[in-house]
Every structure is written in structure tokens, then in C-alpha cells.
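For reference, the chains in residue letters:
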Amino acid sequence: MNNNNSKIGNLYIISTPIGNYNDISNRAIITFNKVDLILAEDTRKTGLLLKNFNIKNKLYSYYEYNEKKNAKFFLEKIQKGYNIGLVSDSGTPLISDPGYRIIQLCRQQYSNIKIIPIPGACAAILALSASGLATNRFCYEGFLSKKKSKRIKRLNELKFENRTLIIYESKHRLLKCLYDIEKIFGKNRYIVFAKELTKKWENIYGDKITNLIKWIKLDSNRLKGEIVLVIDGYNYKINNKISSKIIQTFLILKQELSIKKAINITSKIYSIKKNILYEFHIKNKC
Ligand code: SAM
């Protein structure tokens, strides 16, 4: 497999299960067996996965803090003929997991190296598919900040996002995060809680945010495990008498001008009554 001197190797991005080993793909197993070495976020965790499938291969630690330093080193190895697999602790590498730097550097400076992604599970996509919320357009936010002020700022920026929103959250911050979402998005926004996907205690439940918080607090087990939140996008039709285009113009102007001026200009552009914009402003505390 190590094609020293002659050919350049490939860089494989190998997705792995998010909890249920039965979800491993045949291609992942074949690739784990054929590469010369595997870059793993946590060699112990990937070691257990490989052991389960009787795969023996060399594992090298590759995580966020040594990514920058090691990316070039491993890409040079691929240039020399090595085939390298990149894997994270679970799911699709790079999705809130290490790997971005090596793939970015590879595309920018080693364009002769082929990047081959091996598909598999991704908690965000799995939760979205089961959420019952719009799937034609969605946005992935990953983890919100651990800092309350930054989290609130980001949620305010996302308040009028009309695509379905996917958020990863740790069990330790779940309730704090839900209270912040409730405060900013309003009590009635529909949200789906997807916990322990593909595992024994898988639980997927959707309700208005206030009800969801009550439901979680009824059973402390609901605060355990890995969690994805899928949030319904802002619905302009239900919430307002005005179109999303008008609201977007108003929101942009409001960032630069006083509320009064933003309302005046928006009402002139779209020939819309000022009190409708004022009502929108008050209702949404934007
Ligand atoms: N790369 C992974 C993927 O493809 O989904 C995500 C890794 S990220 C470090 C870990 C977060 O993903 C968890 O905190 C949780 O929000 C979500 N997650 C991972 N596995 C999950 C599962 N089985 N059920 C629900 N959420 C999961």
C-alpha cells in the first residue's frame, strides 16, 4: 500500500458510527484496513473501534491543538506515497471535529493529493431527518459559545433566520441554552430534542420550547447523553404582516440608524405604514 517513489497516496476522510457500531460502512472497514496509517482524534477511542472489527493499523494522535503543526508533516508523507485515513471520535470528521486544517492545506497547497470522503453517520443530519422540520433549507450552527454573553449575541443574530437551525449542545449546558433560546426566540418556537441517536436510550421529542423545557425537567435522565437541537426557522408569515424582504431591510437599517430613521426609510422604500414596522419592532424586541 505504501507506494514509495512512484505514486502519490490519497487522503481518506473516514466517517464512523455515532454510537452504534453496526452503522459502520463496508467502505470504512476496507479503508481502515488498506491505509498505511490513521490520524485519530483520540487513539484510544478509535483503537476500540478498530479492535471491534479486528482491524490492525497504526494510529497517530491528531487533534485540534496539534493540527496546525502536523498537517504539513502528514501531507508530505502522502506526497511520498503513503495513504492516510483521517478519523474523529465519532461521526463525520470536521463536523465540529478536527480535520479542517489538513483538508484546507491539502486543497490550497497540495492539490495533486486526492481527498476521498467515506460517508457515514452525522448526528446533525440524522436529527434533522427525524425532526419533521423543513429539510430543504437548513443551517448548521454547531456548538454555541460556552460564554453566556456570546451565546446571547449569536442567538440574537439567528432570531430571524428562516431556515431550520441545527445546534449541538452538551448535557451540562442544555438547560441554560434552552432558557436562552426561549428568551430570544420566544416561548412558542418549535424545537426538536434528539438525544443519544442510534444508541440504547435514543429519544427524539419535539414541542414548543417552553413545553420542551418542562418535559426535560420531568426526568433527570433526559439531561444525560449526547444531544442535538433542531429548531424551526422563523416564520415570517405567521409572525408578521410584512414580507421577509421588508424585515431584512429594516433590520439592516436599524443596525446603522436610530429606530425612528430605520422605520421612516423602510416605510418610504416599500410604501408601508410606519405603525406596522413599529408594531413589528415592539413585538419582536429586535
Ligand atoms: N462529528 C460528529 C458528527 O458527525 O455528528 C459530531 C462531533 S461533536 C464533537 C459531538 C456532538 O455531536 C455532541 O455533543 C452532540 O451534540 C452531537 N452528537 C454526537 N453523537 C450524537 C448522538 N449519538 N446523539 C445525539 N447527538 C450526538
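Residues numbered from 1 in each chain as written. Predicted model: local features only at pLDDT ≥ 70, side-chain atom pairs only at ≥ 80, totals over all residues. Heavy atoms only, no water.

### Comments concerning the pattern of salt bridges
The condition that has to hold: Salt bridge, as used here: a side-chain nitrogen of Lys or Arg that lies within 4 Å of a carboxyl oxygen of Asp or Glu. Comment: elements are numbered from the N terminus, with helices defined as DSSP H or I runs of at least four residues and strands as E runs of at least two. To sort residues, take the accessible area from a 1.4 Å probe on protein chains only and compare it with the maximum for the residue type: under 20% means buried, over 50% means exposed, and anything in between is partly exposed.
Tallying each qualifying case throughout the model produces 11 salt bridges. With a shortest N-O distance of 3.6 Å, lysine 45 and aspartate 89 are connected by a salt bridge. Taken together, the residues span a long stretch of sequence, with lysine 45 in helix H2 (residues 43-52) and aspartate 89 in the loop between strand E4 (84-87) and helix H4 (100-109) at a distance of 44 residues. Exposure remark for lysine 45: the relative accessible area of 39% places this residue in the partly exposed category. Two residues, glutamate 157 and arginine 154, come together in a salt bridge whose shortest N-O distance is 2.6 Å. With glutamate 157 and arginine 154 both in helix H6 (residues 148-158), this residue pair falls 3 residues apart, about one helical turn. For arginine 154, a relative accessible area of 31% gives the class partly exposed. Residues participating in the shared-partner salt-bridge network are Glu141, Lys153, Arg154 and Glu157.

### What about the site of the ligand?
As a reminder of what qualifies: Proximity criterion: a residue is near a molecule or strand once any of its heavy atoms comes within 4 Å of it. By the criterion applied in these results, polar contacts are pairs of N or O atoms within 3.5 Å in which, for protein atoms, one can donate a hydrogen and the other can accept it, and in which residues neighboring in sequence qualify only through two side-chain atoms. Throughout, the Shrake-Rupley method with a 1.4 Å probe supplies accessible areas, and for residues the shown protein chains are the sole cover considered. Each residue receives one of three labels: charged for Asp, Glu, Lys and Arg, nonpolar for Ala, Val, Leu, Ile, Met, Phe, Trp, Tyr, Cys and Pro, and polar for the others, Gly being one of them. By convention here, the domain bounds are inherited from an automatic or database domain assignment.
Around the ligand, a shell composed of 20 residues is seen, among which Thr92, Asp97, Tyr168, Leu197 and Ile227 lie nearest. Backbone polar atom of isoleucine 95 to a nitrogen atom of the ligand: 2.9 Å apart, as the coordinates give it. One of the side-chain nitrogen or oxygen atoms of tyrosine 168 is found 2.7 Å away from an oxygen atom of the ligand. The fraction of the free accessible surface of the ligand (570 Å²) that becomes covered by protein chains is 91%. Broken down by secondary-structure element, the contributors of at least two residues to the shell around the ligand are strand E7 (164-169) and strand E10 (227-231). Across the shell around the ligand, the residue classes tally to 11 nonpolar, 4 polar and 5 charged. Residue assignment places the shell around the ligand across two domains, with domain 1 (10-121) and domain 2 (124-234) each supplying three or more.

### So, the packing of helix H11 (residues 259-270) against helix H12 (residues 274-284)
Rules: The convention used is that axes are lines fitted to C-alpha atoms, helices contributing only their stretch in contact, and that angles between N-to-C directions extend from 0 to 180 degrees. Should an angle fall under 35 degrees it is called roughly parallel, over 145 degrees roughly antiparallel, and 65 to 115 degrees roughly perpendicular, with every other angle called oblique. Each crossing gets its handedness from the near helix: less than a right angle anticlockwise from the far helix is left-handed, clockwise is right-handed. We call two residues in contact when some of their heavy atoms are within 4.5 Å.
Across the interface, H11 lies against H12 with an axial gap of 9 Å and an inter-helix angle of 135°. By the angle between their directions, the pair H11 and H12 is classed as oblique. Here H11 runs over H12; the crossing is right-handed. Contacts between H11 and H12 involve Ile259, Ile263, Asn264, Thr266 and Ser267 from the former and Lys274, Leu277, Tyr278 and His281 from the latter. Residue composition of the contact of H11 with H12, grouped by class: 4 nonpolar, 4 polar and 1 charged.

### Focus: the state of the cysteines
Put simply, the rule is: Any two cysteine sulfur atoms within 2.5 Å of one another count as a disulfide.
Evaluation of the coordinates by the stated rule reveals 0 disulfides. Of the cysteine sulfurs around cysteine 139, a residue in no disulfide, the closest is that of cysteine 122, at 14 Å. Here cysteine 177 is not cross-linked by a disulfide; its sulfur's nearest cysteine counterpart is in cysteine 139, at 14 Å. Here cysteine 177 falls in the buried class, since its relative accessible area comes to 0%.

### Observations concerning the nonpolar core
Looking at soluble globular proteins, one finds that nonpolar side chains tend to be buried together. Note the threshold: The term nonpolar core refers to a set of buried residues drawn from Ala, Val, Leu, Ile, Met, Phe, Trp, Tyr and Cys, joined through side-chain atoms within 4.5 Å.
Within the largest apolar cluster, 24 residues are counted, with the highest numbers of intra-cluster contacts made by Leu178, Ile181, Phe185, Ile191, Phe193, Ile216 and Leu229. Elements that contribute at least two residues to this core include exactly H6, E7, helix H7 (174-185), strand E8 (190-195), helix H8 (209-217) and E10. Per-element accounting of this core gives the leading share, 7 residues, to H7. Those residues in contact with isoleucine 181 that lie beyond four places of it in its chain are Leu155, Ile167, Gly186, Ile191, Ile209, Leu229 and Ile231. Residues Leu11, Leu39, Ile84 and Leu105 belong to the second largest nonpolar core, which totals 18 residues.

### Description of the sheet that holds E7
Inclusion rule: Strand pairing requires that DSSP identify at least two bridges connecting the strands.
A sheet is described by the order of its strands in space; here 5 strands give the open sequence E6-E7-E10-E8-E9, paired in mixed fashion. Each edge of the sheet is formed by a strand with only one pairing partner; in this case those strands are strand E6 (138-143) and strand E9 (203-208). Between one strand axis and the next, the sheet turns by 15° as a mean value, whatever way the strands run. Of the pairings in the sheet, the one linking E6 to E7 comprises 5 bridges and is parallel in character. Looking at the pairing, glycine 142 lines up with isoleucine 167 of E7. The sheet strands contacting helix H5 (residues 123-131) are E6, E7, E8, E9 and E10, and the helix crosses E10 at an angle near 50°.

### Quick look at the domain arrangement of the chain
Annotation of the chain at the domain level lists domain 1 (10-121), domain 2 (124-234) and domain 3 (237-284). A C-alpha centroid distance of 28 Å is found between domain 2 and domain 3.

### With respect to helix H3 (residues 67-79)
The following threshold applies: The span expected for a helix works out to 1.5 Å for each residue beyond the first.
With 13 residues, H3 should cover 18 Å at 1.5 Å per step; its first-to-last C-alpha distance of 18 Å lies within 8% of that length. Of the surrounding secondary structure, the elements contacted by the buried residues of H3 are strand E1 (10-14), strand E2 (37-40), strand E3 (59-61), E4 and H4. Phi for glycine 81, located one or two positions after H3, is positive at around 115°.

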